[in-house]
Amino acid sequence: MPEGHTLHRLALDLSRDLLGNVVAVSSPQGRFDGATRLDGCKLTGTEAVGKHLLLRFGRAGVVHIHLGLFGRFYRRRHPAPLPRSTTRMRLTVPDWTWDLVGPTRCELLSARGVRALRERLGADPLAPGANVEAAWQTLSRSHRSIAAVLLDQSVFAGIGNVYRAELLHLVRLHPETPASRLGRAKFDELWALARQLLAAGVREKRIVTVPHEGRRRVRRDEALHVYGRTACHTCGERVTVTRNANRPMYACERCQPLDLG
DNA sequence: TGCATATGAGTAA
DNA sequence: TACTCCTATGCAA
């Protein structure tokens, strides 16, 4: 699940359940030392930055969470079941318990640590004041492929492997197109689409890039154009799976021809 | 029971 | 480029 939309959604949901509450914080697994310090403090803010989540506990500190590939939050209505042995952090308020399992990172961060995190992250399509110009400058001077640049969190924060494949398909760019050949118009198209699709992901709580009507629940194999598919949803051509930036890269060679002209 | 798999990313070489 | 960490799940044996 965890691309940028997941974290932004979590920031909203956690805020709805916990904001302004005194929170019982614990680490059943024992691997989050910060729990002791935060236990009994009030949650004063939640924020997602790319694929990172920040939970503010006033002066007590900020929890920085990165879910990685496996991390998950579980929301439990009371009475909550006993935590698993793998529960890194448990947050409890009178009505709800939220359990965090399997994150790559769950740590207490100083103000300086938070600044450093922001500085190493690029433009988040879901952030209102995202620095689009910086992303454009980096991208237009890059010698790497557009697919590699899209996954680089210091350029675009929040785009993951699914969104990368779907975005490139929708703007009809071959993954190996050198980033520097995009041109501003194509970049703007990509950015606008990223904002639109990530926002849809926050609303729907999952990645859906194929347009659909109303509230009808889209079947999993109908939600995406190329990612994880054998046939292109757009034209039916066989989807190719290559590797780019050490991750599987799904594309349709017919819809996304390599254009070096 | 054990293995492969997954939407991530840091580090060593 | 390869290896490492983090966990749950589904399927084969």
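So, how was this worked out
Residues numbered from 1 in each chain as written. Chains lettered and ligands numbered in written order. Predicted model: local features only at pLDDT ≥ 70, side-chain atom pairs only at ≥ 80, totals over all residues. Heavy atoms only, no water. Axes fitted to C-alpha atoms, helices over the stretch in contact; angles between N-to-C directions. Helix = DSSP H or I, 4+ residues; strand = E, 2+ residues; numbered from the N terminus. Parallel < 35°, antiparallel > 145°, perpendicular 65-115°, else oblique. Left-handed = near helix turned anticlockwise from the far one by under 90°. Contact = heavy atoms within 4.5 Å. Nonpolar A, V, L, I, M, F, W, Y, C, P; charged D, E, K, R; others polar. Near = heavy atom within 4 Å. Polar contact = N/O pair within 3.5 Å; in protein donor to acceptor, adjacent residues only side chain to side chain. Pairing = 2+ DSSP bridges.

S.K.: Help me understand the packing of helix H6 (residues 161-170) against helix H7 (residues 184-204), please; the structure alone is not making it clear to me.
M.R.: When two helices pack together, their arrangement is given by the angle between the helix axes and the distance between those axes. In the contact formed by H6 and H7, the axes pass within 10 Å of each other and the chain directions differ by 130°. Here H6 lies oblique to H7, going by the angle between them. Here the hand of the crossing between H6 and H7 comes out right-handed. Where H6 approaches H7, its residues Tyr-163, Leu-167 and Leu-170 are matched on the opposing element by Leu-190, Leu-193, Ala-194, Leu-197, Leu-198 and Gly-201. Classifying every residue of the contact of H6 with H7 gives eight nonpolar, one polar and no charged.

S.K.: Explanation requested: the protein's contact with DNA strand C in the structure shown.
M.R.: Lining the immediate surroundings of DNA strand C are Gln-29, Arg-31, Phe-70, Tyr-74, Arg-84, Thr-86, Arg-88, Val-101, Gly-102, Thr-104 and Asn-246. For DNA strand C, a phosphate oxygen lies 2.6 Å from a polar atom in the side chain of Gln-29. Within the contact set of DNA strand C, a phosphate oxygen lies 2.9 Å away from a side-chain nitrogen or oxygen of Arg-84. Partitioning the surface near DNA strand C into residue classes produces three nonpolar, five polar and three charged.

S.K.: What is the right way to read the sheet that holds strand S4 (residues 52-57) from this model?
M.R.: Paired through their backbone hydrogen bonds, the strands of a sheet run either parallel or antiparallel. With respect to topology, four strands assemble into an open sheet ordered S3-S4-S5-S9, the strand pairing being antiparallel. With partners counted over all chains shown, the strands left at the sheet margins are strand S3 (45-49) and strand S9 (105-109), one partner each. Neighbour-to-neighbour, the strand axes of this sheet turn through a mean angle of 20°, independent of strand direction. Of the strand pairs in this sheet, strand S5 (residues 61-66) and S9 are connected by five bridges, and their pairing is antiparallel. Residue pairing in the sheet places Val-63 in a bridge with Leu-108 of S9. Running over the sheet, helix H1 (residues 4-18) touches S3 and S4 and is turned about 175° from S3. Helix H3 (residues 111-120) contacts S3, S4, S5 and S9 of the sheet and is inclined by roughly 155° relative to S4.

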